[in-house]
Amino acid sequence: MIEISHLVKTYGGHYAVKDLSATIRDGRIYGFLGPNGAGKSTTMNIITGYLAPTAGEVKIDGHDIMKEPEAAKQEIGYLPEVPPLYQDMTVEEYLRFAARLKRVPAGRLAGEVERCTKLAGLEEVKRRLIANLSKGYKQRVGLAQAVLGEPRTIILDEPTVGLDPKQMIEMRELIRSLGRKHTVILSSHILSEVSAVCDEILIISRGELVASDTPQGLAEKRKGALALKLSVRGSREALEETLRNLPGAERFSVRQEKEETVAEIHESAGQDIREPLFYALAEKKMPILSMERSGESLEEIFLQLTEKTGEEERR
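Residues numbered from 1 in each chain as written. Predicted model: local features only at pLDDT ≥ 70, side-chain atom pairs only at ≥ 80, totals over all residues. Heavy atoms only, no water.

As recorded in an unreviewed UniProt entry, the protein chain goes by the name ABC transporter ATP-binding protein, listed as coming from Candidatus Eisenbergiella merdigallinarum. Quoted straight from UniProt, the Sequence similarities (unreviewed entry) entry for the protein chain says "Belongs to the ABC transporter superfamily." (UniProt positions renumbered as here; feature names shortened; annotations may be inferred.)

A. Quick peek at the overall build of the protein chain. When helices and strands are tallied, the protein chain shows 11 helices and 14 strands. Computed over its C-alpha atoms, the radius of gyration of the protein chain comes to 25 Å, more than 25% above the 20 Å expected for a compact globule of 315 residues. Reported as C-alpha extents along the three principal axes, the dimensions of the protein chain are approximately 80 × 45 × 30 Å. Here the protein chain holds 315 residues, and 45% of them are scored as buried. Pairs at least 24 residues apart make up 67% of the contacts formed inside the protein chain by residues separated by at least 6 positions. As displayed, the protein chain offers around 16100 Å² of accessible surface, 48% of which is attributable to carbon and sulfur atoms. Of the side-chain charges in the protein chain, 45 are positive and 49 negative, and the distance between the mean point of each set is 3 Å. (Helix = DSSP H or I, 4+ residues; strand = E, 2+ residues; numbered from the N terminus. Rg over C-alpha atoms; globule rule 2.2 N^0.38 Å. Buried < 20%, exposed > 50% of the residue type's maximum accessible area, 1.4 Å probe, protein only. Contact = heavy atoms within 4.5 Å. Areas by Shrake-Rupley, 256 points an atom, 1.4 Å probe, with all protein chains shown as cover. Lys, Arg positive; Asp, Glu negative; His and termini not counted. Charge placed at Lys NZ, Arg CZ, Asp CG, Glu CD.)

B. Layout of the pairing of strand S8 (residues 183–188). In terms of burial, S8 is largely enclosed, as six of its six residues are buried. Along S8, one buried face is formed by Thr183, Ile185 and Ser187 and the opposite face, lined by Val184, Leu186 and Ser188, is buried too. Where strand S3 (residues 29–33) lies against S8, five bridges are found, and the strand directions are parallel. What sits directly across from glycine 31, in S8, is leucine 186. With five bridges joining them, strand S7 (residues 153–157) and S8 adopt parallel strand pairing. Bridge assignment links isoleucine 154 to a residue of S8, and that residue is valine 184. Handedness of the crossover joining S7 and S8 through helix H6 (residues 165–178): right-handed. (Pairing = 2+ DSSP bridges. Right-handed = clockwise from strand over helix to strand, strands pointing away.)

C. View of the sheet that holds strand S5 (residues 63–64). With antiparallel pairing, four strands are arranged side by side in an open sheet as S2-S1-S4-S5. Every other strand in the sheet has two partners, leaving strand S2 (14–24) and S5 as the edge strands with one partner each. Across five bridges, the pairing between strand S1 (residues 2–11) and strand S4 (residues 55–60) is antiparallel. Residue pairing in the sheet places glutamate 3 in a bridge with lysine 59 of S4. Its contacts with the sheet place helix H1 (residues 40–47) against S1, S2 and S4, and it is angled at close to 120° to S1. (Axes fitted to C-alpha atoms, helices over the stretch in contact; angles between N-to-C directions.)

D. Examining the confidence of the model for the protein chain more closely. This prediction gives the protein chain a mean pLDDT of 88; 92% of its residues lie at or above 70. Of all secondary-structure elements in the protein chain, the lowest mean pLDDT belongs to helix H11 (residues 298–314), at 62, while helix H3 (residues 91–101) reaches the highest, 96. For residues 310–315, every residue scores under 50 in pLDDT, and the model assigns this stretch three contacts once sequence neighbours within four places are set aside. (pLDDT = per-residue confidence, 0-100.)

E. A look at the nonpolar core. Among the nonpolar cores identified, the biggest contains 45 residues, and Val91, Val141, Leu156, Ile175 and Ile203 are the most heavily contacted of them. When sequence neighbours within four positions are dropped, the list of residues in contact with valine 91 reads Leu122, Val125, Lys126, Arg128, Ile130, Leu133 and Val141. In this structure, Leu20, Ile46, Val58 and Ala72 belong to the second largest nonpolar core, which totals 23 residues. (Core = buried A, V, L, I, M, F, W, Y, C linked by side-chain atoms within 4.5 Å.)

F. Spotlight on the sheet that holds S8. Strand order in the open sheet made by the six strands is S6-S7-S8-S3-S9-S10, with mixed pairing throughout. Bordering the open sheet on either side are strand S6 (76–79) and strand S10 (208–213), each of which pairs with just one other strand. Neighbour to neighbour, the strand axes of the sheet diverge by 15° on average, direction disregarded. The strands touched by H6 are S3, S7 and S8; relative to S8, the strand with the most contacts, the crossing angle is about 150°.

G. Up close: the packing of aromatic side chains. Taken as a whole and assessed by the stated rule, the structure comprises four aromatic pairs. Judged by centre distance (5.6 Å) and plane angle (85°), the ring pair of tyrosine 86 and phenylalanine 97 falls under edge-to-face. A residue pair is termed long-range when its members are at least 10 positions apart, and tyrosine 86 in the loop between S6 and H3 and phenylalanine 97 in helix H3 qualify at 11 residues. A residue is classified by how much of its surface remains accessible, and tyrosine 86, at 44% relative accessible area, is partly exposed. Exposure remark for phenylalanine 97: the relative accessible area of 24% places this residue in the partly exposed category. Seen from their ring centres, phenylalanine 278 and tyrosine 279 are 5.3 Å apart, and the 75° between their planes marks the pair as edge-to-face. Its relative accessible area of 48% is what places tyrosine 279 among the partly exposed residues. A cation over a ring is seen here: lysine 18 above tyrosine 15, with NZ or CZ 5.4 Å from the ring centre. (Phe/Tyr/Trp six-rings, centres within 6.5 Å; stacked < 30°, edge-to-face > 60°. Lys NZ or Arg CZ within 6 Å of the ring centre and 35° of its normal.)

What follows is the structure, given as structure tokens:
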């Protein structure tokens, strides 16, 4: 388990991480989500001991990363956004070198390198120079070094950045397989990636944690913010007037499309406006051509949470 308590990191008065607290429990895949510059990589570098925090603490299975770095780091495998690879080594040479750095016992070293080579799908390229590998294979080599020594927690910072669609799918499958034996923390700003592989999501914006829940839990908390897509026959002005006077319609947008007037309506928490909307439109003799209700996507939830943080900061 990783416990992050009131973590702060500043650079010349600028907060990269601001009073961030979170608990990472064993046996789950966590998505660390945020826009570029939100503080994801800074937080991960502090968790792994690459950076010292300005304030706060991080404990890895009870070991403070700053006070007991060796004990804490034994429990962590880390793949930075740019893998720390030696280009003039072969894949096999590099993994043997990394295993020795991680103090894998000599009697286990060959078997451990073979295990990680197989896990990352590197058997066909293990004798090739890293410099001659594709971006996708280099990411796999970085992943293999992260799992050497079987650390309990694997931390992956933007593991699919720069990969093509096929390579991204392959990397996601690798991450899912890791989640069967390890706790995985996956940093990304690609929402489809997070929703595809993660059990829980941490959303960070401007260095602050703004949400922490399962994908389903986030959607449930935002349940009131359901969107209703409506198409009617009638004027734009008449539909706008109807929606302004309709309780439960939190906000809406209306546009004219040829002979139809189309609206997207966001409902207030706990409200279902379909029935009163039907009667209000019937009174005005505005036939409903279509009505579709849907929950907010992860993208919409993400945008609302991160934009809200920015608005509060500017006040």
